[in-house]
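Examining the three-dimensional arrangement
Chain by chain, the residues run as shown.
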Amino acid sequence: MNWRRAGNGPPRFFGAGRFGPMRWGIALTVIATALAVAARADTSAWRDAVLYFVIVDRFADGDSTNDGGVDRTSKGAFHGGDLRGLRERLGEIDDLGATALWITPVVRNIPGFVSGAGFPDWGYHGYWADDFTRLDPRFGTEADLKALADECHARGMKILLDVVYNHVGYGSQYLRNPRTKPWLRTEESATCGSDDLTQCLSGLPDLKTERKDVAEYLYRAHLGLAKRAGLDGFRLDTVKHVSHDFWKEHRKRARAEIGPDFFLLGEVWGGDASSLDPWFEGDEMDAGFDFSFQGSVLGFVQGRGRAAAFDRYLKSREGVRPGHFLAHFLTSHDVPGALFLLDDDRALFRLAAVLQFTSSGIPTVMYGDEVARLGGDWPANRSDMPWGDRRILPGADLPRDDSLRADYRALIGVRRTHPALSRGRHVSLHAEGDLLIFERADSASGDTVIVAVNRGAAEAAADVVTPASWPAARELWPARAESAAIPVRAGILSVRVGPKSARVLAKGAKE
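Please read all numbers here as calculations on a predicted model, not as lab measurements.

Cut-offs applied
Residues numbered from 1 in each chain as written. Predicted model: local features only at pLDDT ≥ 70, side-chain atom pairs only at ≥ 80, totals over all residues. Heavy atoms only, no water. Helix = DSSP H or I, 4+ residues; strand = E, 2+ residues; numbered from the N terminus. Rg over C-alpha atoms; globule rule 2.2 N^0.38 Å. Buried < 20%, exposed > 50% of the residue type's maximum accessible area, 1.4 Å probe, protein only. Areas by Shrake-Rupley, 256 points an atom, 1.4 Å probe, with all protein chains shown as cover. Lys, Arg positive; Asp, Glu negative; His and termini not counted. Charge placed at Lys NZ, Arg CZ, Asp CG, Glu CD. Axes fitted to C-alpha atoms, helices over the stretch in contact; angles between N-to-C directions. Parallel < 35°, antiparallel > 145°, perpendicular 65-115°, else oblique. Contact = heavy atoms within 4.5 Å. Nonpolar A, V, L, I, M, F, W, Y, C, P; charged D, E, K, R; others polar. Salt bridge = Lys/Arg side-chain N within 4 Å of Asp/Glu carboxyl O. Pairing = 2+ DSSP bridges. Left-handed = near helix turned anticlockwise from the far one by under 90°. 1 Å grid on protein atoms, 1.4 Å probe; cavity = no way out; pocket = protein on both sides within 12 Å on 5 of 7 lines; lining within 4 Å. Points joined across faces, edges and corners; volume = space filled by probe spheres on them. Core = buried A, V, L, I, M, F, W, Y, C linked by side-chain atoms within 4.5 Å. Disulfide = S-S within 2.5 Å.

1. What to know about the overall build of the protein
Helix and strand content of the protein: 14 helices and 20 strands. Since a compact globule built from 511 residues should have a radius of gyration of about 24 Å, the 25 Å found for the protein is in line with a globular shape. With respect to the three principal axes, the spread of C-alpha positions in the protein is 80 × 75 × 40 Å. Taken across its 511 residues, the protein has 56% of its residues classed as buried. Working note: accessible area of the protein is about 20,900 Å², and carbon and sulfur atoms make up 53% of it. Distance from the positive charge centre (65 side chains) to the negative charge centre (68 side chains) of the protein: 4 Å.

Spelled out as structure tokens, the structure:
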């Protein structure tokens, strides 16, 4: 979401014999449950996903003919990135190892800007809709969106589109149209409420999604586009500002009109395993963003708090309802970036990345994190994708760290190769001082990985118990061509970790 700076009684059964009222009720409950389970697709593969997030306007410009009004010198203006440019540079994301792409909304946004932030602030991010039934020509055409989806699928990737059901843009045409004006609560008409469902978030006109005509209009617009373009799911904006009843019907319509495996990833501001559960319990979405991860990880690598407490936090993240997932990020478009918060300390940032890719959930990479896009506080956290010496606008000539990208690529490769990292349980092995060592073990595959992170300024070491089947250990990250098998004696592995460093180990063969 973009924040403007200044979301009859029970049936009765009649029968006799062995199928009396109670048994009929039980039988029908079992049938209803079975049908509900059958309607749900197996989304377990998403737990292995690596999600890459792109603000379309800030990534790559592939069509200069739709650059009207572009001003790359203005932090709040459109910078020219579009769907064609993203498709042309999809290899950059594929090569990194990402398995799914999430892009910002592409519906037509308000034509002008707002000035509440102290500078002209346009709808380049896509969250200020002016027409939900059309694509914004500055991003491209519906054919461009379908071509992007087709290219993702050809590469074995999935694509999620960000959609907004809660509000429209400032001054949107929906406010001027006599037919649609009653659909909205506004500050100007003093119709905004004070609760989550009726407030005008950041002063944005709030859609009355409790009205059937409004809900039907939105379902048709968003789900229709998803079906025509061949999308794999939605990222749902401002989830808690729309009712549970709306989301339940949305889920039902998505499955009926697009398919049972259409994936829904929701943004509940401040969400974690506990606070997201009401939406999981009601089967309203498959996954939600874990806002606790960034602060917890950055606090740990910077030396705040005990290692044992952070270890317990990592274990607690497994408490998500079965069949549902947490998506965890280091950087997002609504909070300052991790590297910025770490004062550009790339050693600590690498530790944070190791923890992201060895933790349960769906790791979500915001564009440019992998090449040290510093970002900053809003709106600097939405700066252009750095392309270095490649002549790719809007981020041509912006410096990038390709050595960091190589580390990201290696870490993602390790995660995708070892199911323990995406499906395994968390087992604490050592959490004292600055050294944290834990195990991720997946009983189904028999895969086990040991992760050791030293946040301190001095080398740290500990002896830990290994799985009984390990005759030795081998280094997964950092990869070293000269690495030899690390002996395991009597089931004990001696782990030494350099300052501000991490090691990821797996079962090795005897020397």
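2. Let's talk about the packing of helix α4 (residues 142-154) against helix α6 (residues 212-229)
Running from N to C, α4 and α6 cross one another at 55°; their axes reach a closest spacing of 9 Å. On the basis of their axis angle, the class for α4 and α6 is oblique. Residues E142, L145, K146 and A149 of α4 touch α6, and the partners they reach there are L225, R228 and A229. Looking at the contact of α4 with α6, its residues break down into four nonpolar, no polar and three charged.

3. Structural notes on the pattern of salt bridges
On inspection of all chains with the given rule, the structure shows 42 salt bridges. Here R423 and D48 are joined by a salt bridge, their closest N and O atoms 2.7 Å apart. Of this pair, R423 sits in helix α14 (residues 420-423) while D48 sits in the loop between α1 (21-39) and β1 (51-54), placing them 375 residues apart in sequence. For R405, the salt bridge identified is with E92, shortest N-O distance 3.4 Å. In this pair, R405 is assigned in helix α13 (residues 402-417) and E92 in helix α3 (residues 90-96), connecting sequence segments 313 residues apart. Residue R405 is classed as buried on the basis of its relative accessible area, which comes to 10%.

4. Focus on the sheet that holds strand β14 (residues 435-442)
Remark on secondary structure: sheet strands pair via backbone hydrogen bonds, oriented parallel or antiparallel. Within the open sheet, the six strands sit side by side as β13-β14-β15-β20-β17-β18. Their pairing is antiparallel. Only two strands of the sheet have a single neighbouring strand rather than two, namely β13 (425-432) and β18 (486-487). Alignment of strand β17 (residues 472-477) against β18, held across two bridges, turns out to be antiparallel. Residue pairing for β18: A473 is matched across the bridge by I486. Relative to β13, helix α10 (residues 307-316) is tilted by about 175°, and along the sheet it contacts β13 and β14.

5. Observations regarding the packing of helix α9 (residues 292-301) against α10
One can describe the packing of α9 onto α10 by two numbers: an axis separation of 10 Å at closest approach and a directional angle of 155°. Taken together, the axis directions place α9 and α10 in an arrangement best described as roughly antiparallel. In this structure, α9 crosses over α10, and the sense of that crossing is left-handed. For the pair formed by α9 and α10, the contact residues are S292, F293, S296, V297 and F300 on the first element and A307, F310, Y313 and L314 on the second. For the contact of α9 with α10, the residue count by class is seven nonpolar, two polar and no charged.

6. Considering empty space enclosed by the protein
The computed volume of the largest cavity comes to approximately 90 Å³. Along its surface, the largest cavity is lined by 13 residues, and W102, F289, F329, S332 and H333 are the ones closest to its centre. The class makeup of the residues in the lining of the largest cavity is six nonpolar, four polar and three charged.

7. Examining unusual backbone geometry
Following W378, the chain continues to P379 via a peptide bond in cis, the omega torsion being 5°. Inspection of the secondary structure assignment puts P379 in the loop between β12 (362-366) and α13. With an omega dihedral of 10°, the bond running from L393 to P394 counts as a cis peptide bond. Assignment of secondary structure puts P394 in the loop between β12 and α13. Positive phi, close to 55°, is recorded for A190, a residue that is not glycine. Its place among the elements puts A190 in the loop between β6 (184-185) and β7 (206-207). Judged by relative accessible area, which is 67%, A190 ranks as exposed.

8. Some details on the nonpolar core
Among the nonpolar cores identified, the biggest contains 128 residues, and Y52, L101, I103 and F234 are the most heavily contacted of them. Per element, the largest residue contribution to this core is ten residues, and it comes from α6. The contact partners of I103, leaving out residues within four places of it in the chain, are V54, V56, L83, L86, L145, L148, I159, L160, L161 and D162. Formed by 15 residues, the second largest nonpolar core is a distinct cluster that contains L435, I437, V464 and I486.

9. Thoughts on the state of the cysteines
Under the counting rule described, the total for this entry stands at one disulfide. C192 shares a disulfide with C200; S-S distance 1.9 Å. On the S-S bond that ties C192 to C200, the torsion sits near -90°, and the link is left-handed. Exposure remark for C200: the relative accessible area of 9% places this residue in the buried category.

10. Points about the sheet that holds β1
On the basis of which strands lie adjacent, the closed barrel formed by eight strands has the order β1-β2-β5-β8-β9-β10-β11-β12 and parallel pairing. On average, each strand axis in the sheet is tilted by 25° relative to the strand beside it, whichever way the strands run. Direction of pairing for strand β11 (residues 325-329) relative to β12: parallel, over a ladder of three bridges. Across the sheet, residue F329 finds its bridge partner in β12, namely T364.

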